Amino acid sequence: MSFTNTIIPRSVEWKETYIRLLDQQKLPAVTEYIKLQTISDVWEAIKALKVRGAPAIGITAAFGLALAAKQYETENLEEFHRLLVRDHDYLASSRPTAVNLFWALGRLVKSVQSAVSVNEAKTSLLHEAIQIQVEDEATCRRIGEHALPLFKNGDSVMTICNAGSIATARYGTALAPFYLAKEKNINLSVYACETRPVLQGARLTTWELLQADVDVTLITDNMAAHTIFSKGISAIIVGADRIAANGDTANKIGTYNLALLAGAFQIPFYVAAPLSTFDTETKSGTEIPIEERDPKEITHFGGQQIAPDHVKVFNPAFDVTPHHLITGIITEKGVLSGDYSSEIQKVFKGEV
């Protein structure tokens, strides 16, 4: 079975003079693609979660930097690089946790270091951004191929947030094995946690899996333990926004809860992520910055206030799962397990 773009939607597309972006804030009620025509459009789209998912954020930021550079009027290379660094820093300020954002922006800046003209630099930036997107689609496919053998026909698997096609170039990370299972006529059932407070699981994961005719069931986050017990969940698989050098993993808030439950029920807990999500400069999860978001995401629901005025709110967007709770980290190079510090080091040295 082959998939079309209709079945597996793409969230980010380059259109020469603008970026065509699927507005994930409006899903599932409205499927709307918006035009990002300026760097401020791109910054706002990332900050406001119109695009989300670490790889998709990186791709959007890369296109955003290329878009900004196209509009520079200078022919002076020194001035060009000064403007590029300025806009790199501006886009990097949009989200603090997802390392793909900084990785993609850094890769673009590096790609023009040897350019001998402004025109060459502008062309190189765009080519590099397109290459990042192409590579990510191939990477997600390989992640799915490495993940699929971890499950067997008839398994029920739990996930949280959205680590799917619209969070990446295509296929996704944690959702990739479910798309590949459809291709190979392997029956996997997915139980998607709603993912409070922004409901990425309810709005996005179920939306895209239903399009591909994947068997998906939605649950609230606080149903996870009961669901694992009563529905015979065989494994949990999640994505990642940043993975430290020792394997500690930052992902959407609620992931740590699921890792603890997996340990209690003695089922595997997998993280699926490309190598671009690893931050080998960060030694452990205690060093990962955790974004705190607008209190209204918790005090309001559907535009209606549901909590008392002036109540204190703690609203971290992510939590960190300690490496010892992770059964395996699924990458495009294979499944890492055991001593993560050593295994991650081997991957980045090219020994795996």
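As a starting point, this report considers the structure included with it. Just so it is clear, the model here is predicted, and its values are computed rather than measured.

## A short note on the overall build of the protein chain
Working step 1: Within the protein chain, the regular secondary structure consists of eleven helices and 16 strands.
Working step 2: For 352 residues, the compact-globule estimate of 2.2 N^0.38 gives 20 Å, and the C-alpha radius of gyration of the protein chain, at 20 Å, lies within 12% of that figure.
Working step 3: With respect to the three principal axes, the spread of C-alpha positions in the protein chain is 65 × 55 × 45 Å.
Working step 4: Put simply, 75% of the contacts in the protein chain that link residues at least 6 apart link residues at least 24 apart.
Working step 5: Working note: accessible area of the protein chain is about 15000 Å², and carbon and sulfur atoms make up 51% of it.
Working step 6: Both charge centroids of the protein chain, one from 33 positive and one from 40 negative side chains, sit 3 Å from each other.

## Points about the packing of helix H5 (residues 118-147) against helix H6 (residues 176-183)
Working step 1: Remark: H5 packs on H6, axes separated minimally by 8 Å, with the N-to-C direction vectors making an angle of 75°. When the axis of H5 is compared with that of H6, the two are roughly perpendicular. Between H5 and H6, the contacting residues are Cys140, Arg141, Gly144, Glu145 and Ala147 on the first element and Ala176, Pro177, Leu180 and Glu183 on the second.
Working step 2: For the contact of H5 with H6, the per-class residue count stands at five nonpolar, one polar and three charged.

## Examining the pattern of salt bridges
Working step 1: Taken as a whole and judged by the stated rule, the model has 18 salt bridges.
Working step 2: Residues Lys182 and Asp213 are paired through a salt bridge, measuring 3.7 Å at the closest nitrogen-oxygen approach. Of the two residues, Lys182 sits in helix H6 while Asp213 sits in the loop between helix H7 (200-211) and strand S6 (215-219), which places them 31 residues apart along the sequence.
Working step 3: In this structure, a network of salt bridges that share partners links the residues Arg95, Glu291, Arg293 and Glu297.

## Description of empty space enclosed by the protein
Working step 1: A complete count under the given rule lists two cavities of 30 Å³ or more for this structure.
Working step 2: The wall of the largest cavity is formed by 24 residues, among which Arg52, Gly53, Ala54, Asn162 and Asp241 lie closest to the centre.
Working step 3: Every element with two or more residues in the lining of the largest cavity is listed here: helix H2 (54-70) and strand S9 (249-252).
Working step 4: Residues of the lining of the largest cavity, tallied by class, amount to 13 nonpolar, seven polar and four charged.
Working step 5: Taken as a whole, the second largest cavity encloses approximately 50 Å³ of empty space.
Working step 6: Here the residues of the lining of the second largest cavity are counted per class, giving five nonpolar, two polar and three charged.

## Concerning the layout of surface pockets
Working step 1: Volume-wise, the largest pocket comes out at about 390 Å³.
Working step 2: In terms of lining residues, the largest pocket is bounded by 15 residues, among which Gln25, Pro197, Val198, Lys296 and Glu297 are the most central.
Working step 3: Elements supplying a minimum of two residues to the lining of the largest pocket: helix H10 (296-299) and strand S12 (300-301).
Working step 4: A per-class count over the lining of the largest pocket returns five nonpolar, four polar and six charged.

## With respect to the nonpolar core
Working step 1: If you look at the biggest cluster of nonpolar residues, it comprises 44 residues, and the most contacted ones within it are Ile19, Phe63, Phe80, Leu84, Leu108 and Leu125.
Working step 2: Those elements that provide at least two residues to this core are strand S1 (12-14), strand S2 (19-22), strand S3 (33-36), helix H1 (39-47), H2, helix H3 (77-92), helix H4 (99-111) and H5.
Working step 3: Among the elements that make up this core, the one with the highest residue count is H2 (twelve residues).
Working step 4: In contact with Ile19, not counting residues within four places along its chain, are Val12, Glu13, Trp14, Ile34, Lys35, Leu36, Val42, Thr60, Phe63, Gly64 and Leu67.

## Considering the pairing of strand S10 (residues 269-272)
Working step 1: Judged by which residues are buried, S10 turns out to be covered on both faces: Phe269 and Val271 on one side and Tyr270 and Ala272 on the other are all buried.
Working step 2: Both strand S7 (residues 235-238) and S10 contribute to a ladder of three bridges, which runs parallel. Opposite Ile236, over in S10, you have Phe269 as the bridge partner.
Working step 3: With three bridges connecting them, S10 and strand S15 (residues 328-331) associate as parallel partners. Paired with Tyr270 across the bridge in S15 is Gly328.

## Quick word on the packing of H2 against H5
Working step 1: At their nearest, the axes of H2 and H5 sit 9 Å apart, and the two run at 165° to each other. In terms of orientation, H2 lies roughly antiparallel with respect to H5. Viewed along their axes, H2 and H5 form a crossing whose handedness is left-handed. Across from Pro55, Ile59, Ala62, Phe63, Ala66, Ala69 and Lys70 in H2, the residues of H5 making contact are Lys122, Leu125, Leu126, Ala129, Ile130, Ile132, Gln133 and Asp136.

## Quick word on the packing of aromatic side chains
Working step 1: Taken as a whole and judged by the stated rule, the model has six aromatic pairs.
Working step 2: Ring geometry for Trp43 versus Tyr90: centroids 5.8 Å apart, planes at 15°, classification stacked. Here Trp43 is found in helix H1, whereas its partner Tyr90 is found in helix H3, with 47 residues between them in sequence.
Working step 3: For Trp43, a relative accessible area of 24% corresponds to the partly exposed category.
Working step 4: The partly exposed category is assigned to Tyr90, whose relative accessible area is 30%.
Working step 5: Note on Tyr72 and Phe80: the rings are 5.4 Å apart at their centroids and 75° apart in plane angle, and the pair reads as edge-to-face. Note on accessibility: Tyr72 and Phe80 belong to one class, buried.
Working step 6: Following the ring pairs from residue to residue traces out a cluster consisting of Phe151, Phe178 and Tyr270.

Thresholds applied
- Residues numbered from 1 in each chain as written.
- Predicted model: local features only at pLDDT ≥ 70, side-chain atom pairs only at ≥ 80, totals over all residues.
- Heavy atoms only, no water.
- Helix = DSSP H or I, 4+ residues; strand = E, 2+ residues; numbered from the N terminus.
- Rg over C-alpha atoms; globule rule 2.2 N^0.38 Å.
- Contact = heavy atoms within 4.5 Å.
- Areas by Shrake-Rupley, 256 points an atom, 1.4 Å probe, with all protein chains shown as cover.
- Lys, Arg positive; Asp, Glu negative; His and termini not counted.
- Charge placed at Lys NZ, Arg CZ, Asp CG, Glu CD.
- Axes fitted to C-alpha atoms, helices over the stretch in contact; angles between N-to-C directions.
- Parallel < 35°, antiparallel > 145°, perpendicular 65-115°, else oblique.
- Nonpolar A, V, L, I, M, F, W, Y, C, P; charged D, E, K, R; others polar.
- Salt bridge = Lys/Arg side-chain N within 4 Å of Asp/Glu carboxyl O.
- 1 Å grid on protein atoms, 1.4 Å probe; cavity = no way out; pocket = protein on both sides within 12 Å on 5 of 7 lines; lining within 4 Å.
- Points joined across faces, edges and corners; volume = space filled by probe spheres on them.
- Core = buried A, V, L, I, M, F, W, Y, C linked by side-chain atoms within 4.5 Å.
- Buried < 20%, exposed > 50% of the residue type's maximum accessible area, 1.4 Å probe, protein only.
- Pairing = 2+ DSSP bridges.
- Left-handed = near helix turned anticlockwise from the far one by under 90°.
- Phe/Tyr/Trp six-rings, centres within 6.5 Å; stacked < 30°, edge-to-face > 60°.

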